[in-house]
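Next come the chains, spelled out residue by residue.
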Amino acid sequence: MHTNNEAAAVHPFSPKKCHYDDDFYYDDDDYDHDAVNLDNLRRTKLSEIDNAEFQWFHIRACVVSGVGFFTDAYDLFVINLVSTMLSFVYFDNNIPTSIDTGLKMSAALGTLIGQLVFGWCADHYGRKKMYGLELCLMVVATIGSALSANSYAISLWGALMFWRVILGIGIGGDYPLSAVITSEFATKKRRGAMMAAVFSMQGFGILTAAVISVVTLALYKDLIYQDQRYVDHVWRIVVGFGVVPGVVALYFRLTIPETPRYTMDVLKDIEKGSRDIDGVLSNRKNEKDKGKPNSSIEIPRATFKDFIKYFSKWPNSKVLIGTSVSWFVLDVAFYGIGLNNAIILEAIGFASSTDIYISLWNMSVGNIIITMLGTVPGYWFTVFLVDKWGRIKIQLMGFTILTILFLILGIAYNQILNLSMPLFITIFTLCQLFQNFGPNATTFIIPGEVFPTRYRSTGHGISAASGKLGAIVAQIGFINLKDIGGRNMFMNRLILIFAVFMFIGIWTTLLIPETMNLSLEELSNEDQIGFIKKAKVKEDKTTISVHNFSEVTTSSVE
């Protein structure tokens, strides 16, 4: 690149050519040799990582991200069990609606905040700088939750709600970070399966929460029969166990490298990004290779003006609308049911008993049955089929089947219960199966693929936050509507409402493109040839331009 003074010194008959754009000039010769070469290098190296063989680094990325999601799900859904335990210990099995709602909604509110904040930060400060910070928040908040107690200044449930908001912020940060890091390291052929495998750990987190509850209840059985206040020990142990996987994953998250796509497309260091790809594919570390941004090139930058410009185009905005609304309607049902499994099991008579221990035991075992038969298999069907069937087919299938199943449960609610409780649990389990072998997995996968690198985390964060808004709406609606006409008497109509939201999801899915077997760059809706351009250089008004110098020299020759 030439400075303006150097450009002014170029002989008028030199073969170098410059053209002007208001106050800027471009050196076409430099553009051809520098920017185009870097542009070609970028596309070549990204193609290498897209088409690489599946290897140890990909497994490591899945495990590191997956353990975090295991922790997320454990901490989010354990409140389903803990709320009932608190009800027995402190409220004689009649927990006030406001407290139950606050306990279940606080983490969802924090998650919404975390998804938006960490989503934006990961695009502006880097994936690596943010990854691990969210897990630190989760570990601290989990310890705070387990040690919460009544005091003169604040109640137990008030302290729990506070810590669960902090916990939720950490969990929220994990959504865009884990999705984007996995997608940017993944191969094109297996990207869907890798992201689904990370998300599938949510099922094991939900399952483990129920298992830990069963084990702890078994250990405290005799003490609970002596004094039901020992249930207070049980819920604290169950909550506190969430620290273990978080601590295990923390070191690995803090040592995971920056993604090459971020290094190239945001930090403007094409050479380092290329070396990082070589290191990843050869299992070689490049930790001492600091690199530096290339100021002589220009690539699209993440600014508010550019954000508006990009998403004001219908092909781009419709994708964001599709991913956000689809996640919203899905989470209305997913969290409406998931956070209230214990209530539903009680409503159908499976976990209702005057014996506190039996009631808590059946509630925990019921959650294990539903998770083992529906939730966990659903995730893994997605892992194995998402790169064969495609994301959109699975999401449409899931929304359609869920609409039908919720209609059956809602319309024939009492008839099915009177006929056979196992039949009701079977249909209810199928709902869990097709939520996870369906939109619950794909709404997580797609937003991590369809946006350009500079907005990938932000776009995923916005989509995920829309989902958590749905979870908040669901929780407020579920708690306030379920007892209309008597205790749990509105349950059938609530399930019908869920069916309506699933039907809406069918149509919003049609706004989203299929992402299977396409590179992240192809899905960005941006031209990749010429993505890197020669940097614009501000012209120094005190110097003579090449054009004017040429005129002066020509005049002198004449």
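Residues numbered from 1 in each chain as written. Predicted model: local features only at pLDDT ≥ 70, side-chain atom pairs only at ≥ 80, totals over all residues. Heavy atoms only, no water.

In the nomenclature of an unreviewed UniProt entry, the protein corresponds to Phosphate transporter from the organism Gigaspora margarita.

Engineer: How should I be thinking about the pattern of salt bridges in this particular structure?
Structural biologist: Any two side chains of opposite charge can pair, so long as their charged atoms come close to each other. Applying the stated criterion across every chain yields a total of 21 salt bridges. The salt bridge involving Asp39 is made with Arg43; its shortest N-O contact spans 3.5 Å. Linking Asp39 with Arg43, this pair stays in helix α2 (residues 28–50), spanning four residues, or about one helical turn. Taking the relative accessible area as the measure of exposure, Asp39 reaches 4% and is therefore buried. The partner of Asp276 in a salt bridge is Lys272, with the nearest N and O atoms 3.0 Å apart. Placement of both Asp276 and Lys272 in helix α14 (residues 270–281) is noted, with a separation of four residues, approximately one turn of the helix. Take Asp276 and Lys272: they sit in the same class, and that class is buried. (Salt bridge = Lys/Arg side-chain N within 4 Å of Asp/Glu carboxyl O. Helix = DSSP H or I, 4+ residues; strand = E, 2+ residues; numbered from the N terminus. Buried < 20%, exposed > 50% of the residue type's maximum accessible area, 1.4 Å probe, protein only.)

Engineer: Would you mind going over the nonpolar core with me for this structure?
Structural biologist: Looking at soluble globular proteins, one finds that nonpolar side chains tend to be buried together. Core analysis: the largest hydrophobic core is formed by 74 residues, its most contacted members being Tyr175, Phe406, Leu409 and Phe444. Residue contacts for Leu409: discarding those within four places in its chain leaves Ile416, Phe424, Ile427, Phe428, Cys431 and Ile495. If you look at the next biggest cluster of nonpolar residues, it comprises 31 residues, including Phe88, Leu103, Ile212 and Val231. (Core = buried A, V, L, I, M, F, W, Y, C linked by side-chain atoms within 4.5 Å. Contact = heavy atoms within 4.5 Å.)

Engineer: It is not clear to me how the packing of helix α3 (residues 56–77) against helix α12 (residues 243–254) should be interpreted in this structure. Could you clarify?
Structural biologist: Each packed pair of helices is defined by two parameters, the angle between the axes and the distance between the axes. With their axes 9 Å apart at the nearest point, α3 and α12 run at an angle of 145° to one another. Crossing angle aside, the handedness with which α3 passes α12 is left-handed. Contact residues: Arg60, Val64, Ser65, Val67, Gly68, Phe69, Phe70 and Thr71 in α3; Pro245, Gly246, Ala249, Phe252 and Arg253 in α12. Of the residues contributing to the contact of α3 with α12, the split by class is seven nonpolar, four polar and two charged. (Axes fitted to C-alpha atoms, helices over the stretch in contact; angles between N-to-C directions. Left-handed = near helix turned anticlockwise from the far one by under 90°. Nonpolar A, V, L, I, M, F, W, Y, C, P; charged D, E, K, R; others polar.)

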